[in-house]
Amino acid sequence: MRWLRLPSTRLAIRWKFLSVMVAIAIVPLIISAWLEVRSVAKLGEELAAESGRTVNERTRQSLQRSLHQLIEMINRAAETAELIARLQARHATHVLTQPLPEKQLASELLWTNDFTPLDATEEYQFNAGNLTVPINRKSHALFSPNNEKTGQVLDSAKTLQGMQSFFLEINRTHASLFRWQYVALENGLLATYPGHSDYPQDFDVRERDWYKIQKSRRELTWSPPHTDAVTGLPVINVTMPLITDSGEFLGVSGLDVRIASFLRALQLPLKFEYDSETLIAALVTDPVNQTQSLFIVAESSH
């Protein structure tokens, strides 16, 4: 007896043919879908990268605008400081060479050696921890090495009372720009506004670098950053010599500029405001090996 397997064979062929047709139809779809997914992923990456570049560029431009505004503000403040330094030196020279009559001078002298909390009108709060210095904004204070208060020093102290009105007027209009204003004389006498104490016992203004430089240069000078003798904080100052018409050097008039106040005025984008450190730095060259490095003048956290 013979069995006919033709239908079974035909069925197998049909399934094979169907499988081939399905494969022909599905495989391109799978490949197409895979290529589409890759294309979409690549497009997403490109869009993300482009978006990142756009954000970075906008952030850079925003920071540049803020920086340029800060630079303009610092330049204007520097010009103001130089103008006031010249006016202060001119007024001090006039006071020393043509003193006011005794009756027009303040009746009492405020010496830093005798300064007490009762003499203070407020506490000067600085940005370094809890550092405070009692000050008197109604009067400047006088300091003399070895607590000398007689003879020529006393005469000079009385004469410098003529600076009182000038100090008060500058404080009224530009208190945020300056930390201290002062007039230092060749006899060692120092008048500082606002009035305060806390000078080191061995302090002598004539030994300060800026005084020595000014004495030899005899023109308006900006000092390099240095340490304030009272607060210990870094400062820069702008000074002018006190010179009579005959060319005699009487001393130095100067102003300590509050650099940190500029940093507080810088407006950063909100995303950087709380996680960023702002610095004012200068690019300096080592005179020995000619290498360049950044010298930090001020920073927002100190």
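Scoring rules and cut-offs
Residues numbered from 1 in each chain as written. Predicted model: local features only at pLDDT ≥ 70, side-chain atom pairs only at ≥ 80, totals over all residues. Heavy atoms only, no water. Helix = DSSP H or I, 4+ residues; strand = E, 2+ residues; numbered from the N terminus. Buried < 20%, exposed > 50% of the residue type's maximum accessible area, 1.4 Å probe, protein only. Patch = residues over 30% accessible without salt bridge, like charges linked within 9 Å, V, L, I, M, F, W, Y side chains within 5 Å. Areas by Shrake-Rupley, 256 points an atom, 1.4 Å probe, with all protein chains shown as cover. Salt bridge = Lys/Arg side-chain N within 4 Å of Asp/Glu carboxyl O. Pairing = 2+ DSSP bridges. Arc of directions from axis to C-beta. Contact = heavy atoms within 4.5 Å. Polar contact = N/O pair within 3.5 Å; in protein donor to acceptor, adjacent residues only side chain to side chain. Phe/Tyr/Trp six-rings, centres within 6.5 Å; stacked < 30°, edge-to-face > 60°.

Colleague: Would you mind showing me how to read the environment of G254 here?
Modeller: By the secondary structure assignment, G254 is in strand β9 (residues 249–257). Residue classification places G254 among the buried residues on the basis of a relative accessible area of 0%. Sequence separation of G254 and Y211 is 43 residues, and the distance between their C-alpha atoms is 9.4 Å.

Colleague: Got a minute to help me understand a nonpolar patch on the surface in this structure?
Modeller: On the surface, a nonpolar cluster with roughly 290 Å² of combined accessible area is contributed by I26, L29 and I30. Position of I30 among the secondary structure elements: in helix α1 (residues 6–97).

Colleague: Looking at this model, I keep getting lost on the pairing of strand β4 (residues 178–185). Mind explaining?
Modeller: Both faces of the sheet carry side chains from a regular strand, because those side chains alternate between them. Across the eight residues that make up β4, a large majority, eight, are buried. Looking at chain direction, β4 and β9 are connected through seven bridges and run antiparallel. Looking at β9, one finds that Y182 is bridged to G254. Looking at chain direction, β4 and strand β5 (residues 190–193) are connected through four bridges and run antiparallel.

Colleague: What exactly am I supposed to notice about helix α4 (residues 209–217) here?
Modeller: What sets the pattern is the α-helix's 3.6 residues per turn: residues three or four places apart point alike. Among all positions of α4, only W210, Y211 and Q214 are buried. Across the axial projection of α4, the buried residues extend over an arc of 100°, all falling on one side. Residues of α4 that are exposed and point more than 90 degrees away from the buried face comprise D209 and S216. Buried residues along α4 sit against β4, β6 (221–222), β7 (226–227), β8 (234–243) and β9. Downstream of α4 by one or two residues, R218 has phi in the positive range, about 60°.

Colleague: Please clarify how the environment of N187 should be interpreted in this entry.
Modeller: With respect to the element layout, N187 can be found in the loop between β4 and β5. Distance from N187 to V205, taken between C-alpha atoms, is 9.8 Å for residues 18 residues apart in sequence. Filtering out sequence-adjacent residues up to four positions away, N187 remains in contact with Q152, V153, S156 and R206. Of the polar contacts made by the side chain of N187, one reaches the side chain of S156; its length is 3.0 Å.

Colleague: Sorry, what's going on with the packing of aromatic side chains here?
Modeller: Two measures describe an aromatic ring pair: the distance that separates the ring centres and the angle between the ring planes. By the definition in use, this model includes seven aromatic pairs. Between Y182 and W210, the aromatic rings sit 5.2 Å apart at their centres with planes inclined by 40°, giving tilted as the arrangement. Note that Y182 is positioned in strand β4 and W210 in helix α4, a separation of 28 residues in sequence. Accessibility assignment for this pair places Y182 and W210 in one class, buried. An aromatic cluster is built from Y182, W210, Y211 and F249, whose rings are joined through pairwise contacts.

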